[in-house]
Amino acid sequence: MQKTFADLGRVAAVKELFEGTGYQPFNEPLFTDTAKAGYATTSNKVLLEGIDFNLEYFPLKHLGYKSVLAATGELYAVRSTPKTLAVVLGISAKLDFEQVKELWSGIVTAAKEHCYESLSLELQPSKNGLCISVTATGVEPAGISRPKAQSMDIICVSGRLGAAYLGQQVLEHKPDELEKYKMMLAAYLKPELEAQLPQQLTDAGVNPSFGYFVGRGLSDAVLRLNRDSGFGVKIYADKIPFEGNSFSLGKEMNIDPISAAMNGGDDYVVLFVIPSAEYEKFSREFKTFEAVGHLAQPEVGAVLVSPDGLEHPVSAPGWNTED
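No experiment lies behind these values; they were computed from the predicted model shown. (Residues numbered from 1 in each chain as written. Predicted model: local features only at pLDDT ≥ 70, side-chain atom pairs only at ≥ 80, totals over all residues. Heavy atoms only, no water.)

**Some thoughts on the layout of surface pockets**
- Here the second largest pocket is characterised by a volume of approximately 630 Å³.
- Secondary-structure elements contributing two or more residues to the lining of the second largest pocket are helix H6 (182–189), helix H7 (197–204) and strand S8 (269–274).
- It is H6 that contributes the most residues to the lining of the second largest pocket, three residues altogether.
- When its residues are assigned to classes, the lining of the second largest pocket shows 12 nonpolar, four polar and nine charged. (1 Å grid on protein atoms, 1.4 Å probe; cavity = no way out; pocket = protein on both sides within 12 Å on 5 of 7 lines; lining within 4 Å. Points joined across faces, edges and corners; volume = space filled by probe spheres on them. Helix = DSSP H or I, 4+ residues; strand = E, 2+ residues; numbered from the N terminus. Nonpolar A, V, L, I, M, F, W, Y, C, P; charged D, E, K, R; others polar.)

Right under this line is the structure:
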């Protein structure tokens, strides 16, 4: 007979979910001696059913894994090494205990891959579908100062853009062609991040002046960079990395892949601004990153440069200068 939440109760359910994970349930928060290790950073993400995911086609294990990366990517963007992970699950009546175990297995897998030292879980009832809240804390290395940004510093991204949005569209509108677009599906359903990225930057002696996690489209990150740096930002449309069949799929579905990259979201890549003097070394050490643009004089603003050389102001739905 399958176990239910009614039979187990909250405490017993949490204990069972932790069995065999290597983590201890009901741990007190783990505090790090940041005076020696560096500066503590925190990232929080909330994923809502019907807004951020659809359980009709999103595997629960992949969803758990992706929810951890949503918070972890923010740490990596500021060179922070993951330390603690706190998860709150708002569970609706339509999910049974076995389904929550599947979701939890994805969370644990991601926590281990990204070397979280401590993992905690709270369970809450939800009347409005599944809700996943993830709070990640990390430590940024001590003694490393960010270089002062300058015009012509290089903007690099760690992976393909627009693929996740196109993958979601395939799931919703082309369910009979999943095998054909499996790379785009993977970008949406099970994104990946390099687990050793902060340490690799330290080992390589490369110091980005700015870093952002691109989870809401490239436009969002570009506008934040423009605001935070005080410099103009130029992104070149013909330098944006795409999955190989993005343009053929975009033509079939009447979706502009460039628009998907700029505004689609869910790509889960990291953007770094690399000093121009360090770019050659960076490009040798970090081969998955590709240059997509550079900083410019402040009066340029934030622009997307088309292949014909025209500059188009960058905008992002829902973004303003107070975000």
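There is more to say, and it comes next.
**Here's the deal with the nonpolar core**
- Counting residues in hydrophobic clusters, the biggest one holds 70 residues, and the most contacted among them are Leu85, Leu89, Trp104, Leu119, Leu121, Ile132 and Phe282.
- Per-element accounting of this core gives the leading share, 10 residues, to helix H3 (residues 60–77).
- Setting aside chain neighbours within four positions, we find Phe282 in contact with Cys156, Leu201, Val206, Phe272, Ile274 and Phe289.
- Formed by 28 residues, the second largest nonpolar core is a distinct cluster that contains Leu161, Ala237, Phe242 and Leu304. (Core = buried A, V, L, I, M, F, W, Y, C linked by side-chain atoms within 4.5 Å. Buried < 20%, exposed > 50% of the residue type's maximum accessible area, 1.4 Å probe, protein only. Contact = heavy atoms within 4.5 Å.)

**Describing the confidence of the model for the protein**
- With 93% of its residues at a pLDDT of 70 or more, the protein has an overall mean of 91.
- This model gives residues 29–34 a pLDDT under 50, and the stretch forms eight contacts once residues within four places in sequence are excluded. (pLDDT = per-residue confidence, 0-100.)

**Considering the pairing of strand S2 (residues 81–91)**
- For S2, a buried count of eight out of 11 residues is recorded, marking the element as mostly surrounded by other parts of the structure.
- Pairing analysis gives nine bridges linking S2 to strand S4 (residues 131–141), with the strands arranged antiparallel. Looking across to S4, one finds that Val88 is bridged to Ser133.
- As paired elements, S2 and strand S3 (residues 118–125) share eight bridges and run parallel to each other. Along S3, the bridge assignment pairs Val87 with Leu121.
- The β-α-β motif built from S2, the intervening helix H4 (residues 97–113) and the parallel element S3 has right-handed crossover chirality. (Pairing = 2+ DSSP bridges. Right-handed = clockwise from strand over helix to strand, strands pointing away.)

**Description of the sheet that holds strand S7 (residues 232–236)**
- Taken together, seven strands build an open sheet; the order of strands is S6-S8-S5-S9-S7-S10-S11 and the sheet is mixed. Here the strands that pair on one side only, and so sit at the sheet edges, are strand S6 (210–214) and strand S11 (311–313). Taking each pair of neighbouring strands and ignoring which way they run, the sheet shows an average axis angle of 25 degrees.
- Where strand S5 (residues 154–157) lies against S8, four bridges are found, and the strand directions are antiparallel. Opposite Ile154, over in S8, you have Ile274 as the bridge partner.
- Contacting S5, S6, S7, S8, strand S9 (290–296) and strand S10 (302–305), helix H8 (residues 218–229) crosses the sheet at an angle of about 155 degrees to S6. (Axes fitted to C-alpha atoms, helices over the stretch in contact; angles between N-to-C directions.)

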